[in-house]
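Spelled out from the first residue to the last, the chains are:
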Amino acid sequence: RGPCYSGSFPMNVQADLASPDSILCVGLVCLDIISVCSTYPAEDQDVRAVDQRWEKGGNAANSLAVLGQLGVSCHFLGTVAAGPETEFVLSDLKSYSVGIEHCVYHEGKKLPVTTAVISQQNGSRTIVHYRDLPELTVEDFKTKICLHLYKWIHFEVQSQHVCFCLVTKFCSLKSMHICLSKKFSK
């Protein structure tokens with residue numbers, strides 16, 4: 001059996017037990033703030049948006065929402081910060097039956113935010129990313145996850161090649177038959 005997390009969870013997060021057929025997705029959850037304008041604003045122009053919405057974002061979180069809709073037992077592992085933005089995106093993940101008990105909380109930090117300004121006229125968009133959180137560490141992975149509960153672990157991350165390699169080596173040393181996959185973004 002793999003290492004298991006034995007600490008306590010934040011009060012607003014309830015542990016969802018994984019089954020041995022679960023999928024774990026390692027990566028990012030962020031808040032997407034989408035503003036739609038009738039035309040794309042020029043530099044230094046003050047315009048009124050015709051629509052604005054908040055959405056859960058991040059490749060890992062979006063992949064898990066799809067798996068949850070398909071009825072797959074799945075869980076998220078990533079770094080988050082305390083605050084209303086985090087409560088919003090984690091609540092959205094939970095609405096798709098995604099387990100969020102493995103989140104690594106960082107005090108004094110902010111949840112990543114992606115701001116998109118979209119032109120209704122031609123569909124062009126500008127995207128600005130903000131990230132204040134530290135990357136997930138191998139130690140986070142080792143202390144949060146019971147590896148034997150997962151049949152597949154997918155890494156949807158930017159700079160976690162070392163983490164992926166160490167987890168691969170750990171699984172092979174323990175003779176664990178876990179499907180490992182990765183997609184590294186720019």
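Up top you'll find the structure we're talking about.
Residues numbered from 1 in each chain as written. Predicted model: local features only at pLDDT ≥ 70, side-chain atom pairs only at ≥ 80, totals over all residues. Heavy atoms only, no water.

## Topic: the pattern of salt bridges
Pairing between side chains of opposite charge can happen when their charged atoms approach one another.
Now for step 1: By the definition in use, this model includes 5 salt bridges.
Now for step 2: Taking the shortest distance from any N to any O, the salt bridge between D51 and R53 comes out at 3.3 Å.
Now for step 3: Looking at D51, the relative accessible area reads 36%, which means it is partly exposed.
Now for step 4: One connected set of salt bridges, linked through shared partners, spans D51, R53 and E55. (Salt bridge = Lys/Arg side-chain N within 4 Å of Asp/Glu carboxyl O. Buried < 20%, exposed > 50% of the residue type's maximum accessible area, 1.4 Å probe, protein only.)

## Examining the nonpolar core
Now for step 1: Ranked by size, the top nonpolar core spans 20 residues in total, and within it V29, L64, F76 and L93 carry the most contacts.
Now for step 2: Contributing elements (two or more residues each) for this core: β1 (22–27), β2 (30–37), α1 (59–69), β4 (74–77) and α2 (84–95).
Now for step 3: Of the residues forming this core, the biggest block, 4 residues, is contributed by α1.
Now for step 4: Apart from residues lying up to four places away in sequence, L93 is in contact with V29, K56, A61, L64, F76, V98 and I100. (Core = buried A, V, L, I, M, F, W, Y, C linked by side-chain atoms within 4.5 Å. Helix = DSSP H or I, 4+ residues; strand = E, 2+ residues; numbered from the N terminus. Contact = heavy atoms within 4.5 Å.)

## Examining the sheet that holds strand β3 (residues 51–57)
Now for step 1: Taken in spatial order, the 4 strands make up an open sheet running β3-β2-β8-β9, and their pairing is mixed. Lying at the two open borders of the sheet, with one neighbouring strand each, are β3 and β9 (125–130). Each adjacent strand pair in this sheet contributes to an overall mean axis angle of 15 degrees, direction not counted.
Now for step 2: Of the pairings in the sheet, the one linking strand β8 (residues 113–119) to β9 comprises 6 bridges and is antiparallel in character. When the bridges of β9 are listed, V117 appears paired with T126.
Now for step 3: Helix-sheet contacts for α2 involve β2 and β3, and the interaxial angle to β3 is about 70 degrees. (Pairing = 2+ DSSP bridges. Axes fitted to C-alpha atoms, helices over the stretch in contact; angles between N-to-C directions.)

## Overview of α2
Now for step 1: Between its first and last C-alpha, α2 extends 16 Å over 12 residues, near the 16 Å set by a 1.5 Å rise per residue.
Now for step 2: Of all the positions in α2, only T86, V89, L90 and L93 are classed as buried. The buried residues of α2 occupy an angular sector of 95 degrees when projected down its axis, which confines them to one face. Residues of α2 that are exposed and angled more than 90 degrees away from the buried face: P84 and S95.
Now for step 3: S97 sits one or two residues past α2 and shows a positive phi near 65 degrees. (Expected span 1.5 Å × (residues − 1). Arc of directions from axis to C-beta.)

## Side note on the state of the cysteines
By definition, a disulfide links two cysteine residues through a covalent bond between their sulfur atoms.
Now for step 1: Scanning the entire structure with this criterion turns up 0 disulfides.
Now for step 2: C25 takes part in no disulfide bond, and the closest cysteine sulfur to it belongs to C74, at a distance of 8.5 Å. (Disulfide = S-S within 2.5 Å.)

## Digging into the environment of L64
Now for step 1: Its location among the elements puts L64 in helix α1.
Now for step 2: Along the backbone, L64 and S97 are 33 residues apart, and their C-alpha atoms lie at a distance of 9.1 Å.
Now for step 3: In contact with L64, not counting residues within four places along its chain, are C25, C74, H75, F76, L93 and V98.

## Considerations on the packing of aromatic side chains
Now for step 1: For the coordinates displayed, the defined rule picks out 1 aromatic pair.
Now for step 2: Where W54 meets F88, the ring centres are 5.5 Å apart and the plane angle is 85 degrees; that geometry is what we call edge-to-face. Here W54 is found in strand β3, whereas its partner F88 is found in helix α2, with 34 residues between them in sequence.
Now for step 3: Relative accessible area serves as the criterion here: at 32%, F88 is assigned to the partly exposed category. (Phe/Tyr/Trp six-rings, centres within 6.5 Å; stacked < 30°, edge-to-face > 60°.)

## With respect to the pairing of β8
Now for step 1: Relative to β8, β2 runs parallel, the two being bridged by 7 bridges. Residue S35 lies in a different strand from β8, and its bridge partner there is V117.
Now for step 2: Linking β8 to β9, which pair antiparallel, is a turn of 5 residues; within it G123 sits at a positive phi near 80 degrees.

Function cannot be read off these values alone, since they describe shape.
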